[in-house]
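# Examining the three-dimensional arrangement
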Amino acid sequence: MGKIDTGTNDLLADLDAGVLTLTLNRPEARNAMSGEMNDALAARLAWAELAPEVKVVVLTGAGKGFCAGGDVKGMDSRNTGSGQPVSIDQAIHNQRVNQRATAGKLFSMPKPTLAALPGAAAGAGLSLALACDLRIMASTAIMTTAFARVGFSGDYGGTYFLTQLVGSAKARELYFLSERVSAEEALRLGLANWVVEPDELQARTREIAGRLAAGPTVAYRYMKENLNRAMAGEVDDCLDLEATHHVHCGQTADHKEAARAFVEKREPVFAGR
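Residues numbered from 1 in each chain as written. Predicted model: local features only at pLDDT ≥ 70, side-chain atom pairs only at ≥ 80, totals over all residues. Heavy atoms only, no water.

## Notes on the pairing of strand β5 (residues 113–117)
- The buried fraction of β5 is high, at five of five residues.
- Taken together, the four bridges between strand β4 (residues 56–61) and β5 define a ladder with parallel strand orientation. For Thr60, the partnering residue across the bridge sits in β5 and is Ala116.
- Alignment of β5 against strand β7 (residues 134–138), held across four bridges, turns out to be parallel. Considered in β7, the bridge of Ala115 is made with Arg135. (Buried < 20%, exposed > 50% of the residue type's maximum accessible area, 1.4 Å probe, protein only. Helix = DSSP H or I, 4+ residues; strand = E, 2+ residues; numbered from the N terminus. Pairing = 2+ DSSP bridges.)

Right, dumping it as structure tokens:
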């Protein structure tokens, strides 16, 4: 399918062999989030969730950064400008809707999501990366919550995702002090799944995304729901849900193909049904 029109140059989209790559594209601003970028990201993710041709979503950034979070310069101009601001209630509602449509969608959509970090993921940019199922970082990339440095409490789900990944005490430290986390430290903490040299990032990302795209999509759907619900669910609820999904997957063509492949000592070819 190739390149997909997103309606803005702030977000690039490309679909190849089941892998939808969404590139945050404001390299001159370290890919800081603009309104156009956020709206386009929400629209593309909504489409990706339902499009059968999309098997996996990769989120990355153009140039040497992943995403610097909110556009602080833009915030300053709005704070000091003479334009008529929206009410605080409308602003809260607008942000809630966009957060659910972006970070929330990356977390909840029944398809694997992978963040590829060529450089810094800060503030809401970090939140978007943490919302994904998996993260791969260039060895020179860093993570930082950054919110305390600009007088914000945090958004786009970062407090939830970070707490789930590293525990409450470490999450509080990273939010309160806004320290930079190196790629190696992110790997040690479980914030990154892989760390590679910068010139290897694209190839390794394609390799991982390709493996996911060729995988059993029905099983991935229920696997992800099981894992997400396990983050806050009671053990009996998780056991019951696993049983339901496991038996269902046992009836799929993908499972039957995998069983045949095992007996025949070959790799299975999944069809997504």
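Next, the rest of the story.
## Side note on the nonpolar core
- Formed by 64 residues in total, the largest nonpolar core has its most connected members in Leu20, Leu22, Val57, Leu59 and Leu117.
- With six residues, the top contributor of residues to this core is helix α5 (residues 124–131).
- Look past the residues within four positions of Leu59 in its chain and what remains in contact with it is Leu22, Leu24, Leu41, Phe66, Leu106, Leu114, Ala115, Ala116, Leu128 and Cys132. (Core = buried A, V, L, I, M, F, W, Y, C linked by side-chain atoms within 4.5 Å. Contact = heavy atoms within 4.5 Å.)

## Examining the packing of helix α6 (residues 158–166) against helix α7 (residues 168–177)
- In contact at an axis separation of 7 Å, α6 and α7 are set at 135° when each is read in the N-to-C sense. Here α6 is positioned oblique relative to α7, judged by the angle of their axes. For the crossing formed where α6 meets α7, the hand is right-handed. Residues Gly158, Thr159, Leu162, Thr163 and Val166 of α6 lie in contact with α7, whose contacting residues are Ser168, Lys170, Ala171, Leu174 and Tyr175.
- In terms of residue class, the contact of α6 with α7 is made up of five nonpolar, four polar and one charged. (Axes fitted to C-alpha atoms, helices over the stretch in contact; angles between N-to-C directions. Parallel < 35°, antiparallel > 145°, perpendicular 65-115°, else oblique. Left-handed = near helix turned anticlockwise from the far one by under 90°. Nonpolar A, V, L, I, M, F, W, Y, C, P; charged D, E, K, R; others polar.)

## Observations concerning unusual backbone geometry
- Although it is not a glycine, Tyr156 adopts a positive phi angle of roughly 55°.
- You can see Tyr156 is positioned in the loop between β8 (142–144) and α6.
- Of note in this structure, Lys265 is not a glycine but carries a positive phi near 55°.
- Positionally, Lys265 belongs in the segment after α12 (253–263).
- The class of Lys265 is exposed, set by a relative accessible area of 78%.

## Here we look at the pattern of salt bridges
- This structure, assessed with the given rule, holds nine salt bridges.
- The salt bridge partner of Glu257 is Arg266, with a shortest N-O separation of 2.7 Å.
- On the basis of relative accessible area, Arg266 is assigned to the partly exposed category, the value being 34%.
- Among the charged side chains, a salt-bridge network with shared partners connects Glu257, Arg260, Glu264 and Arg266. (Salt bridge = Lys/Arg side-chain N within 4 Å of Asp/Glu carboxyl O.)

## Some remarks on the sheet that holds β8
- Strand order in the open sheet formed by three strands is β6-β8-β9, and the pairing between neighbours is mixed. The open sheet terminates on both sides in strands that have one partner only, identified here as β6 (121–122) and β9 (181–182).
- As paired strands, β8 and β9 are joined by two bridges and run antiparallel to one another. Within β9, the residue paired with Ile142 across the bridge is Ser182.

## With respect to helix α1 (residues 35–50)
- The terminal C-alpha atoms of α1, which comprises 16 residues, lie 24 Å apart, in line with the 22 Å expected from a rise of 1.5 Å per residue.
- Listing the buried residues of α1 in full gives Met37, Asn38, Ala40, Leu41, Ala42, Arg44, Leu45 and Ala48. (Expected span 1.5 Å × (residues − 1).)

## Description of the side chain of Thr8
- With respect to the helices and strands, Thr8 occurs in the loop between β1 (2–4) and β2 (11–16).
- Exposure remark for Thr8: the relative accessible area of 19% places this residue in the buried category.
- In terms of polar contacts, Thr8 uses its side chain to reach the backbone amide nitrogen of Asp10, at 3.0 Å.
- The contact partners of Thr8, leaving out residues within four places of it in the chain, are Glu36 and Ala40. (Polar contact = N/O pair within 3.5 Å; in protein donor to acceptor, adjacent residues only side chain to side chain.)

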